[in-house]
Amino acid sequence: MEIQYETSQKVSSGYLMIVNVNSGNVFNHILDLSQNNAAIDLTGYNTGTYEAVLVCDGQIVDSKSLMVQ
């Protein structure tokens, strides 16, 4: 799955936090801030609803729901 994101030029660190809504399990994916998208391999994830949370410099910037089938 490819996730697109946008960060400020002033951001020094960022990651995507993928949270399983049902179990609360959290998976972090460090981002390459020179890019505006990330390919996230979800093959090992259980079926269900997840939140993809963009965290930049320790602050939540955005979040979106996604389904893994």
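Fair warning: this is a prediction, and the values are worked out from it, not measured in the lab.

### A closer look at the packing of aromatic side chains
- For the coordinates displayed, the defined rule picks out two aromatic pairs.
- The interplanar angle of 45 degrees and the centroid separation of 4.6 Å between the aromatic rings of F27 and Y45 together place this pair among those described as tilted. One end of the pair, F27, is in strand β3 (residues 26-30); the other, Y45, is in the loop between β4 (37-39) and β5 (48-56), and 18 residues separate them in sequence.
- Its relative accessible area of 32% is what places F27 among the partly exposed residues.

### Remarks on the sheet that holds strand β6 (residues 59-68)
- If you walk across this open sheet you meet the four strands as β3-β2-β5-β6, and the pairing is antiparallel. Edge positions in the open sheet fall to β3 and β6, since each of these has one partner strand only. Strand-to-strand, the axes of this sheet are offset by a mean angle of 20 degrees, without reference to chain direction.
- As defined by bridge partners, strand β2 (residues 14-20) adjoins β3 across five bridges and the pair is classed as antiparallel. Of the residues in β3, the one forming a bridge with I18 is F27.

### As for unusual backbone geometry
- Phi at D57 takes a positive value of approximately 50 degrees, unusual for a residue other than glycine.
- Taking relative accessible area as the criterion, D57 reaches 38% and is therefore assigned partly exposed.

### Focus: the pairing of β5
- Burial runs high along β5: seven of the nine residues are buried.
- Bridge count between β2 and β5: seven bridges; the pairing is antiparallel. Each residue of the ladder has a partner; that of V19, found in β5, is E51.
- As paired strands, β5 and β6 are joined by nine bridges and run antiparallel to one another. Paired with L54 across the strands is D62, a residue of β6.
- In this antiparallel pair of consecutive strands, β5 and β6, the connection spans two residues, and D57 shows a positive phi of 50 degrees.

About the criteria used
Residues numbered from 1 in each chain as written. Predicted model: local features only at pLDDT ≥ 70, side-chain atom pairs only at ≥ 80, totals over all residues. Heavy atoms only, no water. Phe/Tyr/Trp six-rings, centres within 6.5 Å; stacked < 30°, edge-to-face > 60°. Helix = DSSP H or I, 4+ residues; strand = E, 2+ residues; numbered from the N terminus. Buried < 20%, exposed > 50% of the residue type's maximum accessible area, 1.4 Å probe, protein only. Pairing = 2+ DSSP bridges. Axes fitted to C-alpha atoms, helices over the stretch in contact; angles between N-to-C directions.

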